[in-house]
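Chain and residue survey
Each chain is listed here by its residues.
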Protein chains: 2
Amino acid sequence: MIVHSAQTIETRRSAFGTSVVTPAEQLYVRNNLPPPDASIVANRDAWSVAVEGVRNPRVLTVADLKTMGVETVATVLQCSGNGRSYFPSKPSGTPWTVGAAGCVIWSGVPLRYVAEALGGVAPGMRYLTGTGGEKIPDGIDPLSVMVERSVAITAMSDALLAWEMNGAPLSLAHGGPLRLVVPGYNGVNNVKYVKRVAFTEAESQAKIMSTGYRMTALGQQSKVTDPSIQELNVKSFVTAPSGDKSVRAGTVYVTGVAFSGGSPIRRVEVSSDGGKTWLEAAFFGPDLGRFAWRQFAIPLRMAAGNYVLVSRAFDAAGQTQPERGIDNVSGYSHNGWSEPAVKVAVV
Amino acid sequence: MIVHSAQTIETRRSAFGTSVVTPAEQLYVRNNLPPPDASIVANRDAWSVAVEGVRNPRVLTVADLKTMGVETVATVLQCSGNGRSYFPSKPSGTPWTVGAAGCVIWSGVPLRYVAEALGGVAPGMRYLTGTGGEKIPDGIDPLSVMVERSVAITAMSDALLAWEMNGAPLSLAHGGPLRLVVPGYNGVNNVKYVKRVAFTEAESQAKIMSTGYRMTALGQQSKVTDPSIQELNVKSFVTAPSGDKSVRAGTVYVTGVAFSGGSPIRRVEVSSDGGKTWLEAAFFGPDLGRFAWRQFAIPLRMAAGNYVLVSRAFDAAGQTQPERGIDNVSGYSHNGWSEPAVKVAVV
């Protein structure tokens, strides 16, 4: 792992491997506030979440939720700032490279089952708003720091209230005992230690929503009318070779991962000359569904020399990666294909 | 985990969860000999395996293998003795219940690519034989203890030489740096620390193959003509509720896993009265392919009382589970549906 700070830990490119899932202990960690006390995962079934904006609002414990349904979904979890270090403007914030992303398997209750059990969504609601269970420091306007995010209400069709990840109870670091998982959406929308899920008429007024996590043009102040960081955009990156060490001349299997915000990946191309010429890679391994990443591989015959490996993905919706990410004040949503290049010396 | 001995560690039923994969640290461990020294995973790429019974036999390192291809396959890994404790004859050996099984994701090179690179399989070969890298104690006939197993050569079409499991380099406990993975076959055929892979005319003469791991009728001595423990048979078990504690009256989601030796699972039925009446369960979660297990769930309305939960699976080849496992001298291949019952008190 690359440790940027106690709250921001990144997966090393060379640690991704090729078996699709990212182990919990290798998954990036990013918190907007210090996490709650670890005692909240001592009695997981007792954790409660208020469900509002339904006909019959209720506070439900995890034990209650477990009587309402079970589903399992693989998703890419990616921090909105993943790739921030590649932007020429050098935005402030954690200088993530490729490793603030992983593919994990969640298990929990579909949120739509919960809403149905409580009489359905109340009329007029347009957003799904999740609130984190972090303690708000005294003497601070809660709206200025609280983790509360709103996504379009249509996201509820895939959303889970998840208590498990990769076959184990969800750890505190990854949002246990209960996390709102919104498949296809950027990490920040997957609210950890979720204590309130509300169907709302308007977006949250919290700063993290109103002006935070917006695509703001360089030189501007973030404002509520800037595009909000919601669905993931199409992206790919090479995972091996990682560039950490030289590679033996001969056949080299170049592998990587590709994903989009819920649209299946249709094609991935790889270049070993920094994008002058491209070859189509093959997919391999199990397909965990449209919210997961797909693995790609291509065997390249490489003589001694220096190479620049890049990849670009094309999804079923016709989206592809630009050569360079769209630079923005906070350094969000980087998906340029050229900047995460791997420079490899073949000897 | 349930620790039977230092070499035999079982997953607790309540630890399986519902997110398909079994984390490496929760996967059962079973060794036939003490593992090699941990130094063998210090320099993984240097580990070598002799490939024989091909036109151009060669010793290949893991680094060599990585230039020959990459594939990723999810499989059920299950010890042949899983469920041994349920046999009425109380066979000697580890008294496994349901937890000597897991579903994991392997990554490595398809064995068929390796054989092709070495000129193809030599004529007349009928078996794929793998030999483990354990140290043979001095003064003992190697054949009496060595881990060497043969499977039908047709198994090579799915076999991998795997260096990774669940997104991380393969640990020593699970056979790293290199394991022969034979999807759809019982655990013992997935040779750990594999040092030799040979296409052979005959089965191995090692005791573990010649008379070991055979389905021997009660009261008989194991002999080479007894059926060998090869492909997994069709099986399922309930994972939750686990019976460890009482359950609240109301709706209870009964979940479990079902698998077969490469034939997709078509249907799973669940009974809460010990098999008198059955209901069809629904599959959920991603389908990781025909060698993985599928998860099933069914919501049952349960009033206060005592229940006996059992499940039975049906595969695409028309196989299903018997009510009771076929008792045998060594307690292998248990797949009776009645014995792994979960007794639950609903209060």
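Residues numbered from 1 in each chain as written. Chains lettered and ligands numbered in written order. Predicted model: local features only at pLDDT ≥ 70, side-chain atom pairs only at ≥ 80, totals over all residues.

With that settled, consider the overall build of chain A. Helix and strand counts for chain A stand at four helices and 21 strands. Taken against the 2.2 N^0.38 rule, which gives 20 Å for 347 residues, the C-alpha radius of gyration of chain A at 20 Å falls within 12% of a compact globule. Overall, chain A is about 65 × 45 × 40 Å in size when its C-alpha atoms are taken along their principal axes. In chain A, which comprises 347 residues, the share counted as buried stands at 54%. (Helix = DSSP H or I, 4+ residues; strand = E, 2+ residues; numbered from the N terminus. Rg over C-alpha atoms; globule rule 2.2 N^0.38 Å. Buried ≥ 20, exposed ≤ 12 C-beta atoms within 10 Å, placed from the backbone.)

Time to look at the nonpolar core. Where a protein is soluble and globular, its nonpolar side chains tend to be buried together. By size, the foremost hydrophobic cluster in this structure holds 184 residues, and its most contacted members are Leu-161 of chain A together with Leu-161 of chain B. Among all residues touching Leu-161 of chain A, those that are not within four sequence positions of it are Val-49, Leu-65, Gly-108, Val-109, Leu-111, Val-114, Leu-178, Leu-180 and Val-194 of chain A. (Core = buried A, V, L, I, M, F, W, Y, C linked by C-beta atoms within 7 Å. Contact = placed C-beta atoms within 7 Å.)

Looking now at the relation of the copies chain B and chain A. When chain B is fitted to chain A, the residual RMSD is 0.0 Å, and the transformation amounts to a turn of 180° plus an axial shift of 0.0 Å. Classification of the inter-copy transformation places it as that of a two-fold axis. The rotation axis passes nearest to the C-alpha of Leu-288 of chain B in chain B, at a distance of 3.5 Å. (Least-squares fit on C-alpha atoms with pLDDT ≥ 70 in both.)

Another point: the domain arrangement of chain A. Residues and elements named next belong to chain A. If you check the domain split of chain A, you get domain 1 (2–210) and domain 2 (235–346). Contact with domain 1, which involves 25 residues of that partner, is made by 28 residues of domain 2. Per-element accounting of the side of domain 1 that touches domain 2 gives the leading share, four residues, to strand E6 (residues 71–78). Here the residues of the side of domain 1 that touches domain 2 are counted per class, giving twelve nonpolar, eleven polar and two charged. (Domains from an automatic or database assignment. Nonpolar A, V, L, I, M, F, W, Y, C, P; charged D, E, K, R; others polar.)

What follows is about the sheet that holds strand E1 (residues 2–5) of chain A. Taken together, three strands build an open sheet; the order of strands is E1-E2-E3 (chain A) and the sheet is antiparallel. The outermost strands of the open sheet, each flanked by one partner alone, are E1 and strand E3 (29–30) of chain A. (Pairing = 2+ DSSP bridges.)

Take the interface of chain B and chain A next. The interface is formed by 34 residues belonging to chain B together with 34 residues belonging to chain A. Taken together, the elements giving at least two residues each to the side of chain B that touches chain A come down to strand E6 (71–78), strand E7 (101–110), strand E10 (160–165), strand E15 (250–259) and strand E19 (294–302) of chain B. Ranked by the residues each element gives to the side of chain B that touches chain A, the list is headed by E15 of chain B, at five residues. Classifying every residue of the side of chain B that touches chain A gives 15 nonpolar, 16 polar and three charged.

Glancing now at the environment of Pro-36 of chain B. All names here are of chain B. Inspection of the secondary structure assignment puts Pro-36 in the loop between strand E3 (29–30) and strand E4 (48–52). On the basis of neighbour count, Pro-36 is assigned to the partly exposed category, with 18 C-beta atoms found within 10 Å. Taking the C-alpha atoms as reference points, Pro-36 and Tyr-193, 157 residues apart in sequence, are found 8.0 Å from one another. Pro-36 has contacts with Gly-133, Glu-134, Lys-135 and Tyr-193, leaving out every residue within four places of it along the chain.

It is worth spelling out unusual backbone geometry at this point. For the bond running from Gly-176 of chain A to Pro-177 of chain A, omega is 10°, close enough to zero to count as cis. With respect to the element layout, Pro-177 of chain A can be found in the loop between strand E11 (168–169) and strand E12 (179–181). A cis amide bond links Ala-240 of chain B with the next residue in sequence, Pro-241 of chain B, at an omega value of -5°. Within the secondary structure, Pro-241 of chain B sits in the loop between strand E14 (235–240) and E15. Phi angles above zero are rare outside glycine, and Lys-90 of chain A is one such case at about 50°. Summarising the element assignment, Lys-90 of chain A is placed in the loop between E6 and strand E7 (101–110). Positive phi outside glycine occurs at Tyr-213 of chain A, with the angle close to 50°. Along the chain, the position of Tyr-213 of chain A falls in the loop between helix H4 (207–210) and strand E14 (235–240). With 26 C-beta atoms packed within 10 Å, Tyr-213 of chain A lands in the buried category.

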